[in-house]
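The residues making up each chain are set out below.
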Amino acid sequence: MKPSRLLLSIPLAFSGMLAWATGNLPIYQDETRPMDERVEDALSRMTTQEKINLIHAQGKFSSAGVPRLGIPDLWMSDGPHGVRAEINWNDWGYSNRTNDSITAFPALTALAATWNPSLSFEYGNAIGEEALYREKDVMLGPGVNIYRTPLNGRNFEYMGEDPHLASVLVVPYIKGMQQNGVAASVKHFALNNQELWRGHIDVNLSDRALHEIYLPAFKSAVVDGDSWTIMGSYNKIRGQHACHNDLLLNKILKEDWGYKGVVMTDWGGAHDTREAALYGLDLEMGSYTNGLTSESEFTTDDYYMAKPYLALIEKGDVPMSTLDDKARRMLRLNFLTAMKRNKPLGSVASPEHYAIAEKIGDEAIVLLKNASVGKKGPKLLPLSENIKNILVVGDNATRDLMKGGGSSELKVKDNVTPLKGLQAIYGDRIKYTQGYRAGKPMYSNVEKIPQAIQDSLRDEAVSMARNADVVIFIGGLNKNHLQDCEAGDRIDYSLPFGQPELIEALQAANPNLIVVLLSGNAVAMPWEKKVPAIVQGWYLGSMAGKSIANVISGKVNPSGKLPFSFPVKLEDNGAHHFGAISYPGDSIRQEYLEDILVGYRWHDTKKIPAFYPFGHGLSYTTWQYGKPSASAKTISENECLTISIPIRNNGQTAGKEVVQLYIGDDQASVLRPLKELKGFEKIALKPGEEKTVSFTIKPDDLKFYDDTTGSWKAEPGKFNVYIGSSSTDIRATVPFELK
Ligand code: BGC
């Protein structure tokens, strides 16, 4: 059981009071002293064994402090969409408390779809407050692994396919959280881009892909966001496990980026004591488990960074300086979090937090398609107020989508399902039928639903659809194994549980069909042409139903934009184009053969259109992009370029638009994507209102990673700036030249 924080703080408070009384507060306890001085002071008082105790777990989600010195233990929790329910001290079971339910915030893909950094700050801050109330020091998130394939079971926990978008959004999340004295743990560093074989698959890729695509969001998280911890990933990178990887942790993270924080393993991510000692790991968690379910007879004293590490030091096989460096980092983390004295008390499941969850949900929902039924008439959405008979169909309309999915699973206090949200607006004009059944969420196991049950559910839905004025189908994926769930990838790209057939049958029975997809991944849509209105609704947490109903009813004008591309078919995605060695690998090794052409970079450059492109998202109003102006036609190497463009809300409804700026390098000695996102701004405009949006293009925005010199470089020549409402809906192009 967790000893109470109060008990822990008694010796600390006592020694503190004594010290105050004698005017002799130990340096490490004196918060007015510089951090480095405090850390050195504490370190100088510690035995080798006490240092060793700091750098490995003592329970599933805790690492030890220094009890003799009053330095408290650290408590952690998943992450990244809310504070997870309490887990037992040393097994994966939930401890069945009644005081650990919380607010579930929208999944990170949804946050990314808002394209709104200030919402990201509110998100991080709100989770920081909930973590404080739950007495957590470190939250295991956010995740910024790049969306490489729609099959990755964990994409819903990440921020999409574009490094710039993920970089801009991750920083405020971390700052919002850490201002509470709660550390973020940005994860999983790096290249954990699939769950299949995640524990050992050896990822091989070019330096350019590494630096241009997969590292920038982590770099922003630690350099600009100052994330106090970072979690290594399970996989190998160029033959060495990511949790003790010389290139990644020593060279890039600690040397090049100057990282001062703690590198922790993913749960069970350490594999070797000497490598852990030498190659950049600071804290070992969850060893001898599979990260999710399995237990072991080993105690935490057997961890690689426990007794075996001490033995290496005592033999002189690794220097004491390696241990001191790790202990210093752990002390600093402790002083910033657990040992910080003046912290707010936090709050949990408050009206304010639900309001933030709803606001993020409102801005995350992406209107993929909105047409009228037949040739004439209004578009199907927003749903007319006079509508009488509404049929809601679908398992996801009533499902608790916070259950399952792996370590991000949450126990929520309040949960407004889509059905409840719609009922709150349309009352008893709504009828509901399940339509298909998805079964229970289970780790590593799938509940088989007999075909006869699916057939009868479908038949009932189709017959009810005939008598409705409009049908709202709420389906998609869910958090079951082999769907959007950790420790496994999706098996294929289509919608599961017979949904494609169900959608077609519903449409044949009633053409007034709205499809709402809840998922963290793109899915195949062979039925798309027949369906007039399609909404991407993500996993929106506690207030999901409210946000979905807000958008369907028109109370909220949708403003979300896709943070990743929806390819027509799997082979149209760059990672899948090159066959099994590229994804999922041969079970030992894999090669990222699409290289830097991830997501829209691939679709654009190879001229393979996506079904719904990156950045796409419709509105209930229309946006007019005016004539852009540029501060210069030619710039030199160190000069910035300013581009301005007037945007007007041309319709009848107030709304928000994400103005996107991409840059393409037309004359380069190396392959460059047709264009890359380098700026965006979300603006709110009333009907008829106009605003000029300005972007500053900096010299770094023109550079590629030159793998012959290991540095960033821009080549003189012609560039294009593309400004648009999505990556393919480009409204203005501005050419310029770099001298
Ligand atoms: C996951 C991590 C998570 C950890 C602790 C692992 O299985 O990969 O993201 O933070 O477990 O639950």
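Residues numbered from 1 in each chain as written. Predicted model: local features only at pLDDT ≥ 70, side-chain atom pairs only at ≥ 80, totals over all residues. Heavy atoms only, no water.

**Q** For this particular structure, what's the right way to read the site of the ligand?
**A** Every one of the 16 residues lining the ligand counts as a neighbour, but Asp78, His188, Asp266, Gly291 and Glu486 are closest to it. Between an oxygen atom of the ligand and a side-chain N or O atom of Arg154, the distance comes to 2.8 Å. Alone, the ligand offers 310 Å² of accessible surface; in the complex the protein occludes 100% of this. Considering only residue class, the shell around the ligand consists of six nonpolar, three polar and seven charged. (Near = heavy atom within 4 Å. Polar contact = N/O pair within 3.5 Å; in protein donor to acceptor, adjacent residues only side chain to side chain. Areas by Shrake-Rupley, 256 points an atom, 1.4 Å probe, with all protein chains shown as cover. Nonpolar A, V, L, I, M, F, W, Y, C, P; charged D, E, K, R; others polar.)

**Q** When you look at the pairing of strand E15 (residues 513-518) in this model, what are you seeing that I'm missing?
**A** Successive side chains on a regular strand alternate, one facing one side of the sheet and the next facing the other. Of all six residues that make up E15, six are buried, and the element is covered over most of its length. Alternating positions in E15 separate into two faces, Leu513, Val515 and Leu517 on one and Ile514, Val516 and Leu518 on the other, with burial throughout. Where strand E14 (residues 470-476) meets E15, six bridges bridge the pair, whose relative direction is parallel. If you follow Ile472 over to E15, its bridge partner there is Ile514. Taken together, the four bridges between E15 and strand E16 (residues 533-536) define a ladder with parallel strand orientation. Across the sheet, the residue bridging to Ile514 is Ala533, located in E16. (Buried < 20%, exposed > 50% of the residue type's maximum accessible area, 1.4 Å probe, protein only. Helix = DSSP H or I, 4+ residues; strand = E, 2+ residues; numbered from the N terminus. Pairing = 2+ DSSP bridges.)

**Q** Looking at this structure, I do not really get the packing of helix H5 (residues 117-133) against helix H13 (residues 351-364). What am I missing?
**A** For any two helices packed against each other, the geometry is given by the interaxial angle and the distance between the axes. Between H5 and H13, the least distance of the axes is 10 Å, while the angle of their chain directions is 150°. When the interaxial angle is binned, H5 and H13 end up roughly antiparallel. As for how H5 packs across H13, the hand of that crossing is left-handed. For the pair H5 and H13, the contacting residues are Leu119, Glu122, Tyr123, Ala126, Glu129 and Glu130 in the first and His353, Ile356, Lys359, Ile360 and Glu363 in the second. Tallied by class, residues from the contact of H5 with H13 come to five nonpolar, one polar and five charged. (Axes fitted to C-alpha atoms, helices over the stretch in contact; angles between N-to-C directions. Parallel < 35°, antiparallel > 145°, perpendicular 65-115°, else oblique. Left-handed = near helix turned anticlockwise from the far one by under 90°. Contact = heavy atoms within 4.5 Å.)

**Q** Explain the sheet that holds strand E6 (residues 202-204) here, please?
**A** Backbone-to-backbone hydrogen bonds pair the strands of a sheet. The strands run either parallel or antiparallel. Strand order in the open sheet made by the four strands is E9-E8-E6-E17, with mixed pairing throughout. Where the open sheet ends on each side, the last strands, each with one partner, are strand E9 (240-241) and strand E17 (589-591).

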